[in-house]
Amino acid sequence: MKSFVPRVAAIQDISCLGRCSLTVIMPILSAMGIQVCPLPTAVFSTHLGGFGRPACCDFTDYMESFVQHWQQQGMTFDCIYSGFLASEQQIDIVERTMNVFSANHPFVLVDPVMGDGGKLYTTYTKHMQERMKQLVAKADVITPNYTEACFLLGEPYDEAVCDLGKMTDWLARLSDLGPERVVITGIFISQEKLLTLGYDQKNAAVYQVFSDYIPAKYPGTGDVFASVLLGSLLRGASLPCAMEQAADFVAEAIRVTLAFNTPPREGILLETILSRLCLSE
């Protein structure tokens, strides 16, 4: 077993109740043998859906001082992983953070958390939507859901996708924004199937992972998918293998959570299946 532990700077919010963002990212990556160094963008009492209006502490004024302290201590990162950002100013801060720690060429995953179900999140503006392309341009891999892919490309949102050829074109167009690899999640194909699509610009390869459609929706599943995908990639897996592991883990988590009749706003029962990600001895 390798003694080297990859170190990830995770630039995300903390939603203290509801199993999403850093409260799932940290245990998932830790279970996969990866150190997570959180750089909070905001601290919420709960996530933004289902609990009413949460109490919030905006971390914008502290983020750069955290980064400066890390820099003073000579810290380096093998990966920078950005997700939910609370303001345009934070987009600038994340971009500067990527530049500060660029010397050792860390792997960069950008999860452009902007919306779902064809709608922007209430915290997002149209201008932030455009600015997100700055971070996408600096990424090695991006993980938009279908809604976020629509926003990044200026395409209309459809409930169901029938034309997979169109989606292949979208993958190439998203890669043309900067990232070598693209993964689009949550593509609704039918009442039976969801599709995850991946693209590797280097060899113009398209990868498909089909999952059973489960009639349940839980917050944080995008964070779970992106984190398992990242962990798998950092452990040396190919993109299609990482996609399959992430999609399978999310699907199983949803099945377990649905079986226990857990209120959707509480998120998936990560604790019951987290051990499946742990490194073998």
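Please refer to the structure placed before this passage.
Residues numbered from 1 in each chain as written. Predicted model: local features only at pLDDT ≥ 70, side-chain atom pairs only at ≥ 80, totals over all residues. Heavy atoms only, no water.

Novice: Explanation requested: the overall build of the protein chain in the structure shown.
Specialist: Helix and strand content of the protein chain: 9 helices and 11 strands. A globule of 281 residues ought to have a C-alpha radius of gyration of about 19 Å, and the protein chain, at 18 Å, matches this closely. Principal axes of the C-alpha set define a box for the protein chain whose edges measure 55 × 45 × 40 Å. Of all 281 residues assigned to the protein chain, the portion counted as buried reaches 50%. Across the protein chain, every contact between residues at least 6 apart in sequence was considered, and the portion connecting residues at least 24 apart equals 68%. Surface exposure of the protein chain reaches about 12,600 Å², of which carbon and sulfur atoms provide 52%. Separation of charge centres in the protein chain, based on 20 positive and 30 negative side chains, amounts to 1 Å. (Helix = DSSP H or I, 4+ residues; strand = E, 2+ residues; numbered from the N terminus. Rg over C-alpha atoms; globule rule 2.2 N^0.38 Å. Buried < 20%, exposed > 50% of the residue type's maximum accessible area, 1.4 Å probe, protein only. Contact = heavy atoms within 4.5 Å. Areas by Shrake-Rupley, 256 points an atom, 1.4 Å probe, with all protein chains shown as cover. Lys, Arg positive; Asp, Glu negative; His and termini not counted. Charge placed at Lys NZ, Arg CZ, Asp CG, Glu CD.)

Novice: What's the story with the state of the cysteines in this structure? I'm lost.
Specialist: The bond known as a disulfide is covalent and runs between the sulfur atoms of two cysteines. Evaluated as defined, the whole model comprises 0 disulfides. Free of any disulfide, Cys37 has its nearest neighbouring cysteine sulfur in Cys79, separated by 11 Å. Residue Cys37 is classed as buried on the basis of its relative accessible area, which comes to 13%. (Disulfide = S-S within 2.5 Å.)

Novice: What is the right way to look at the packing of aromatic side chains in this model?
Specialist: By convention here, two paired aromatic rings are described through the distance between centres and the angle between planes. Overall, the coordinates contain 8 aromatic pairs when judged by the stated rule. Arranged with centres 6.0 Å apart and planes meeting at 90°, the rings of Phe59 and Phe66 form a pair that is edge-to-face. For Phe59, a relative accessible area of 17% translates into the label buried. We classify Phe66 as partly exposed; its relative accessible area is 30%. By way of ring pairs, the aromatic residues Phe59, Tyr62 and Phe66 are connected into one cluster. (Phe/Tyr/Trp six-rings, centres within 6.5 Å; stacked < 30°, edge-to-face > 60°.)

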